[in-house]
Amino acid sequence: MKYLEAIGKYFIMIWEVFKKPTKWRIMKTLILKEIDELIFGAMGIIIFISFFIGGVVTIQTALNLTNPLLPKSLIGFAARQSVILEFAPTFTSIIMAGKVGSYITSSIGTMRVTEQIDALEVMGINSLNYLVFPKIIATMMYPFAVAISMFVGILGGWVAAVFGGFAPSGDFIQGLQMDFDSYHVTYAFIKSVVFAFVIATVPSYHGFYMTGGALEVGKASTTSFVWTSVVIIIANYVLTQLLLG
Amino acid sequence: MIQVENIHKSFGDNHVLKGISTEFEKGKTNLIIGQSGSGKTVFIKCLLGLFEPDEGNIYYDGNCYSELSIKERRNLRQEMGMVFQGSALFDSMTVEGNVMFPLDMFTNQSQSEKQDRVDFVLKRVNLVDAHKRFPAEISGGMQKRVAIARAIVMNPKYLFCDEPNSGLDPKTAMLIDNLIQEITQEYDITTVINTHDMNSVMEIGEKIIFLKNGLKEWEGTNKEIFKTDNEAVTNFVYSSELFKKVRQMYIEERN
Ligand SMILES: Nc1ncnc2c1ncn2[C@@H]1O[C@H](COP(=O)(O)OP(=O)(O)OP(=O)(O)O)[C@@H](O)[C@H]1O
Ligand SMILES: [Mg+2]
C-alpha cells in the first residue's frame, strides 16, 4: 500500500515537472550547468571503470576458451557483445545511480530542509520544473557517455588481449567485426535513455519529498541509491525481454 | 491589508489552527507570538498560500484567495516577500545572485537596471561589501539581511517574516527589527512577523496576536500588552524574571 502510494506520487511529480515551465533564458543555463555536473563530472569514473571491466571480461573469456579448435577471434567477439549489450549501458548506470543519484538527492534534499524549495514556491516558481527538468534534459545526453564507455571498454579488452598475450591484435579485431548487428547498439542506447530518466527522477523524488534535517538527507541518499538500482535492474529485465526477446 | 476569516488547519488528527480571525493593516508591523508549536509557522504558511486552510478565507486587499484563478494567485505570490526562519538563501548563488533571482525570474529588465536595483536594496539593508560572497561565507545576521533584501527586491505589498531575529545577538536582532519596521513604513507594506522575542514585541509590536492552543487568545498593541490582565499573555510575555520585574516596577509607578 505504502509503495503504491509512493509510485502514484512519483508519477504525479513527473507530471508536475512538465507543467508551468521556467523562462527559457534561465532554463538554458540550468541545463548547461547540469550537463557539466551530471555528465562531464561523471566521465572520469565511467572511463576508468569501462576500461578495466572491458579488460577483465576479455581475460576471463580468454581463460575459458581453452579448446584449440576455437578461433581466437571469439575473444574479441565476446568482449564486444558483453560490453555493448550489458556492461556499458547497465553497469555504468548503476555507477551513475551511486554518483549522480546521491548528488541529486542530497542537493535537492538540502534545499528542502533549509526551506529553499519553499522560498522558490513562495516566489510563484514551479520548483519541480526548476529543479528536476534541467536534470532530466541533461541526463538525456547520457547515451553519449555510454557510447564512450563502449569504446573504452572494447579498447580495454583489446589492450588486455594483446598485451596479456591472449590473442593477436588481428584476430581480436576480426572478432570485433564478426556478425555485427547494429540493432544491439540501438538496444543499448534505448536502455540507457530509460536508465538516464530513472537516474534523474527517482533520486529527485527522494530529495524533494523528504522531511527532517541533515541526518535524513544522508538517509534519503542511501534509500534513493537502493531504489534507483532496483528500478534500473527491473527496467533492464523488462527492456531486454521487449527489445531482444 | 490582509483579513483572515475563521481559518482552520489540521494535519491528520493534529488540529493546529482552530478558527482564527484577524486583520493585518498596511504600513504596520503585525506580530504573531505564541509558544513553540502553537502554530505560528503554519499560520504564516497559510497566509503565503504554501498551505491551503481546511476552512475559512483570507482576503488580500479585498481579494479572496480561494476565489482567485491560478494565474491570479501566481501574480499575487509575486507581490509577497518572505523571510524564512533559516533565511533559506540559495546556497549555489552569491549574495548578489540571490537578490537578483526574483528580478531574473519575473522581470525583463536589462542587466544594468537589475544591478542598480540589487545594489540599492543591499545598501538599504546595510550590506555593501558582500555582493560576491556565498551564503555559507557570511554571518547569520548578514544572511538574514540578504533574505530581507531578496524579499523586498520586487517591491512587495506583503512581507512575511518567520522569526527574523532568532539566533541573533540582541543588538543585531534589534537592528533587523528596526530595519523591517522602517521598510514597512517607508513602502507602506503589510508586514506580518512571527516571533518569540520579547524585545521585538516591545519595540515594533504595533499589533500583536497571541496564539494559544490553535486559537487567538489575545490581540492588541505593545502598549496594551504591558497592561493586560490576560493571564496566559502575562505568563508568556513575562516568563523571564527580568520582564516580571519591569512589569512590577511599571505597575508600582502607575499606582
Ligand atoms: N507539514 C506539516 N505536517 C504535519 N504537521 C505539521 C506540519 N507543519 C507543522 N505541523 C504541526 O503543527 C504544529 C505547529 O507547528 P508550527 O511549526 O506552526 O509551530 P511554531 O509555532 O511555528 O513553533 P516554533 O516557534 O517552534 O517555530 C506542530 O504540532 C507541528 O507538528
Ligand atoms: Mg515556527
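Residues numbered from 1 in each chain as written. Chains lettered and ligands numbered in written order. Predicted model: local features only at pLDDT ≥ 70, side-chain atom pairs only at ≥ 80, totals over all residues. Heavy atoms only, no water.

Overview of the packing of aromatic side chains
And then number 1: All chains considered together, the criterion is met by 17 aromatic pairs over all chains.
And then number 2: Measuring from centroid to centroid gives 5.2 Å for Phe48(A) and Phe52(A), while their planes differ by 55 degrees, and the two rings are tilted. Here Phe48(A) and its partner Phe52(A) are both found in helix 2 (residues 24-64), 4 residues apart, which amounts to about one turn of the helix.
And then number 3: When its relative accessible area of 53% is taken as the criterion, Phe48(A) is described as exposed.
And then number 4: Overall, Phe52(A) belongs to the partly exposed group, its relative accessible area being 47%.
And then number 5: Ring centres of Tyr205(A) and Tyr209(A) lie 5.4 Å apart, and the angle between their planes is 55 degrees; this geometry places the pair in the tilted category.
And then number 6: Within the aromatic cluster, the residues linked to one another by ring pairs are Tyr10(A), Phe11(A), Tyr205(A), Phe208(A) and Tyr209(A).
And then number 7: Note that Arg112(A) overlies the ring of Phe208(A), its terminal NZ or CZ placed 4.7 Å from the centroid.
And then number 8: Here the basic side chain of Arg150(B) rests over the ring of Phe90(B), its NZ or CZ set 4.7 Å away from the ring centre. (Phe/Tyr/Trp six-rings, centres within 6.5 Å; stacked < 30°, edge-to-face > 60°. Helix = DSSP H or I, 4+ residues; strand = E, 2+ residues; numbered from the N terminus. Buried < 20%, exposed > 50% of the residue type's maximum accessible area, 1.4 Å probe, protein only. Lys NZ or Arg CZ within 6 Å of the ring centre and 35° of its normal.)

Here we look at the environment of Ala119(A)
And then number 1: Locating Ala119(A) in the fold gives a position in helix 4 (residues 116-122).
And then number 2: For Ala119(A), the residues in contact, after removing those within four places along its chain, are Phe84(B), Ala88(B), Phe90(B) and Arg150(B). (Contact = heavy atoms within 4.5 Å.)

Quick notes on empty space enclosed by the protein
And then number 1: For the coordinates displayed, the defined rule picks out 3 cavities of 30 Å³ or more.
And then number 2: What the largest cavity holds in volume is close to 160 Å³.
And then number 3: For the lining of the largest cavity, the secondary structure elements donating two or more residues are helix 4 of chain A together with strand 6 (80-83), helix 3 (95-106) and helix 5 (140-152) of chain B.
And then number 4: Broken down by element, the lining of the largest cavity gets its largest block of residues, 3 residues, from strand 6 of chain B. (1 Å grid on protein atoms, 1.4 Å probe; cavity = no way out; pocket = protein on both sides within 12 Å on 5 of 7 lines; lining within 4 Å. Points joined across faces, edges and corners; volume = space filled by probe spheres on them.)

Considering the site of ligand 1
All names here are of chain B.
And then number 1: In the neighbourhood of ligand 1, 15 residues make up the surrounding shell, with Ser36, Gly37, Lys40, Thr41 and Val42 lying closest.
And then number 2: Between ligand 1 and Gly39 there is a distance of 3.1 Å, counted from an oxygen atom to a backbone nitrogen or oxygen.
And then number 3: Val42 is positioned such that a nitrogen or oxygen atom in its backbone is 3.0 Å from an oxygen atom of ligand 1.
And then number 4: For ligand 1, whose free accessible area comes to 630 Å², the fraction covered by protein is 62%.
And then number 5: Of all elements in the fold, only strand 2 (14-24) and helix 1 (40-48) reach the threshold of two or more residues within the shell around ligand 1.
And then number 6: Per-element accounting of the shell around ligand 1 gives the leading share, 3 residues, to helix 1.
And then number 7: Split into classes, the residues belonging to the shell around ligand 1 amount to 4 nonpolar, 9 polar and 2 charged. (Near = heavy atom within 4 Å. Polar contact = N/O pair within 3.5 Å; in protein donor to acceptor, adjacent residues only side chain to side chain. Areas by Shrake-Rupley, 256 points an atom, 1.4 Å probe, with all protein chains shown as cover. Nonpolar A, V, L, I, M, F, W, Y, C, P; charged D, E, K, R; others polar.)

Quick notes on the interface of chain B and chain A
And then number 1: Facing the 25 residues of chain B at the interface are 19 residues of chain A.
And then number 2: When chain B packs against chain A, the two sides together hide about 1,800 Å² of surface, and 62% of this comes from carbon and sulfur.
And then number 3: In terms of surface lost to chain A, no three residues of chain B exceed Arg77(B), Phe90(B) and Met105(B), which account for 28% of the buried area on that side.
And then number 4: Taken together, the connections running from chain B to chain A amount to 2 salt bridges.
And then number 5: The partner of Lys45(B) in a salt bridge is Asp118(A), and the shortest N-O contact between them spans 3.3 Å.
And then number 6: Viewed at the interface, chain A and chain B are joined by 7 residue pairs in polar contact (both at pLDDT 80 or more). (Buried area = accessible area lost by both parts, 1.4 Å probe. Salt bridge = Lys/Arg side-chain N within 4 Å of Asp/Glu carboxyl O.)

Structural notes on the layout of surface pockets
Remark: the empty space left among the atoms is shown by a probe the size of a water molecule rolled over them.
And then number 1: Roughly 1,200 Å³ of volume is contained in the largest pocket.
And then number 2: Residue lining of the largest pocket: 32 residues in total, with Glu121(A), Ser127(A), Gly49(B), Leu50(B) and Arg77(B) positioned closest to the centre.
And then number 3: Of all the secondary structure elements, the ones that give two or more residues to the lining of the largest pocket are helix 3 (73-113), helix 4 and helix 5 (127-139) of chain A together with helix 1 and helix 2 (70-77) of chain B.
And then number 4: Classifying every residue of the lining of the largest pocket by side-chain character gives 13 nonpolar, 6 polar and 13 charged.

A short note on the side chain of Thr139(A)
And then number 1: Among the structural elements, Thr139(A) can be located in helix 5.
And then number 2: Residue classification places Thr139(A) among the buried positions, given a relative accessible area of 2%.

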